[in-house]
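Structural overview for review
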Amino acid sequence: MSYSTADSFRPVTLDDVRGAQKMLSGVARVTAMEGSRHLSQTVGAPVHLKCENLQRTGSFKLRGAYVRIAGLLPEERAAGVVAASAGNHAQGVALASALLGVRSTVFMPKGAPLPKVSATRDYGAEVRLHGQVVDETLAAAQEYAAETGAVFIHPFDHPDIIAGQGTVGLEILEQCPEVRTILVGIGGGGLAAGIAVAVKSLRPDVRVVGVQAAGAAAYPPSLAAGRPVSVENPATMADGIKVGRPGDVPFGIVGELVDEVRTVSEDELSAALLLCLERAKLVVEPAGASPVAALMSAPGAFEGPVVAVLSGGNVDPVLMERVLRHGMAAQGRYLAVRLRLTDRPGALATLLGVLSVVDANVLDVSHLRTDPRLGLTEAEVELHLETKGPAHCAEVGQALREAGYTVIG
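What you see is a predicted model; the values in this text were computed from it and never measured.

So, about the sheet that holds strand 3 (residues 81-84). In sheet architecture, strand pairing relies on hydrogen bonds along the backbone and comes in two forms, parallel and antiparallel. One open sheet accounts for four strands, arranged 5-4-3-6; its pairing is parallel. Strand pairing shows two members of the sheet lacking a second neighbour, strand 5 (126-129) and strand 6 (151-152), which therefore form its edges. Relative to strand 4 (residues 104-108), strand 3 runs parallel, the two being bridged by four bridges. By the bridge assignment, A83 is partnered in strand 4 with V106. Contacting strand 3 and strand 4, helix 5 (residues 88-100) crosses the sheet at an angle of about 175° to strand 4.

Taken in spatial order, the six strands make up an open sheet running 1-2-10-7-8-9, and their pairing is mixed. Looking at which strands have only one partner, the edges of the open sheet turn out to be strand 1 (33-35) and strand 9 (260-264). If you compare each strand with its neighbour and ignore which way they point, the axes differ by 25° on average. Pairing analysis gives five bridges linking strand 7 (residues 181-185) to strand 8 (residues 207-213), with the strands arranged parallel. Within the sheet, the bridge partner assigned to I182 lies in strand 8 and is V208.

This part covers the packing of helix 10 (residues 190-202) against helix 12 (residues 248-257). Where helix 10 meets helix 12, the axes come as close as 9 Å, and the angle between the chain directions of the two elements is 50°. In terms of orientation, helix 10 lies oblique with respect to helix 12. Seen from above, helix 10 lies across helix 12 with left-handed handedness. The residues of helix 12 that touch helix 10, namely those facing G190, A193, A196, V197 and K200, are P250, I253, V254 and L257.

In this structure, P305 follows G304 across a cis peptide bond, with omega equal to 0°. With respect to the element layout, P305 can be found in the loop between helix 14 (286-297) and strand 10 (306-310). Positive phi outside glycine occurs at T57, with the angle close to 70°. Positive phi, close to 50°, is recorded for N233, a residue that is not glycine.

On to the pairing of strand 4, then. Each regular strand shows side chains that alternate between the opposite faces of the sheet. The buried count for strand 4 comes to five of five residues, which makes it a mostly enclosed element. Neither face of strand 4 is open: one carries S104, V106 and M108, the other T105 and F107, and all of them are buried. Handedness of the strand 3-helix 5-strand 4 crossover: right-handed. Of the strand pairs in this sheet, strand 4 and strand 5 are connected by four bridges, and their pairing is parallel. Residue M108 lies in a different strand from strand 5, and its bridge partner there is L129. As for the winding sense of the linkage, the β-α-β connection from strand 4 through helix 6 (residues 114-122) to strand 5 is right-handed.

Cut-offs used in this document
Residues numbered from 1 in each chain as written. Predicted model: local features only at pLDDT ≥ 70, side-chain atom pairs only at ≥ 80, totals over all residues. Heavy atoms only, no water. Pairing = 2+ DSSP bridges. Helix = DSSP H or I, 4+ residues; strand = E, 2+ residues; numbered from the N terminus. Contact = heavy atoms within 4.5 Å. Axes fitted to C-alpha atoms, helices over the stretch in contact; angles between N-to-C directions. Parallel < 35°, antiparallel > 145°, perpendicular 65-115°, else oblique. Left-handed = near helix turned anticlockwise from the far one by under 90°. Buried < 20%, exposed > 50% of the residue type's maximum accessible area, 1.4 Å probe, protein only. Right-handed = clockwise from strand over helix to strand, strands pointing away.

Shape is all these values report; function is a separate question.
Spelled out as structure tokens, the structure:
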């Protein structure tokens, strides 16, 4: 299966996806399909998680990258390949190239997570850091391809890539033949397009729903305009779907075969990532958690059984810590309170005693005595507390008021 540049807009068919599945046998894992009791109860129908976060390299990207590189002509392989990515496609191209004996160069943004940069190098690619956003990195990689003759491996805008990603759809139908709705994150659109080709060809009754981060949602305006349009300065923690413009090839497929594209907020992504970790015991990156975020934000909108595709698990530990804290705060698991009290010995201990009675865990205390807004005998205290949810937060606030404290922020 190989397309020249002139054939890059050739339609992707079910036969292409089936051919990709044969090519990937023994290369890509048939990833697990895990049921989620918590999400099933929330939705009121069976919910299953397609765990591409457990794929080799930690995401679905190996599938398309391997199919694309394996289809190159001998002289193209000899010239090497080049790619641009914030992480997941980079690792997929690096491993696929190593497996096929092809030299690879990968351009990554300067701010790419260090674990992704390190993993890409470990898989054998030469990594070059360039630009602040993926669009700048893509331009550098394409310039390198023009100068050196290396074959540019686009992360989503090529039929071979889409066919490879579509093998996820075939696995879903094999593992959950009764599926009625599939939710999948969308960035450039390669995964959603591939799944839609595979699923709609065999089961046109199955609803395919794409999910984008609200701060990087290029598909809704593009679909409304009937052509790919760019979103200026896309902003989201979900770097795996942080794409400013849909790919030309997947856009046509998504417009024809994907039933709906929804958006989710950063708070919803945080909550979904936290749920995957706490309830499903799965490490998932924000982009991979986007289908779960859509389920949590509108549980009654989807006919079951539902399959949510967890597209990747390559999350920077630093980001994970921040996201988990954000998600816990959104769920009422953290509480920040600021109040004033009389500056006398034992006053802080008395305050902490009130919090101890209601079982609020104090994480941090800031004690301010020198602000000109304070009276001569006053001190201001800011407390960061770990709580058990919104009801517990309300209980803490009530206990402080009953003890005579005035919360000022």
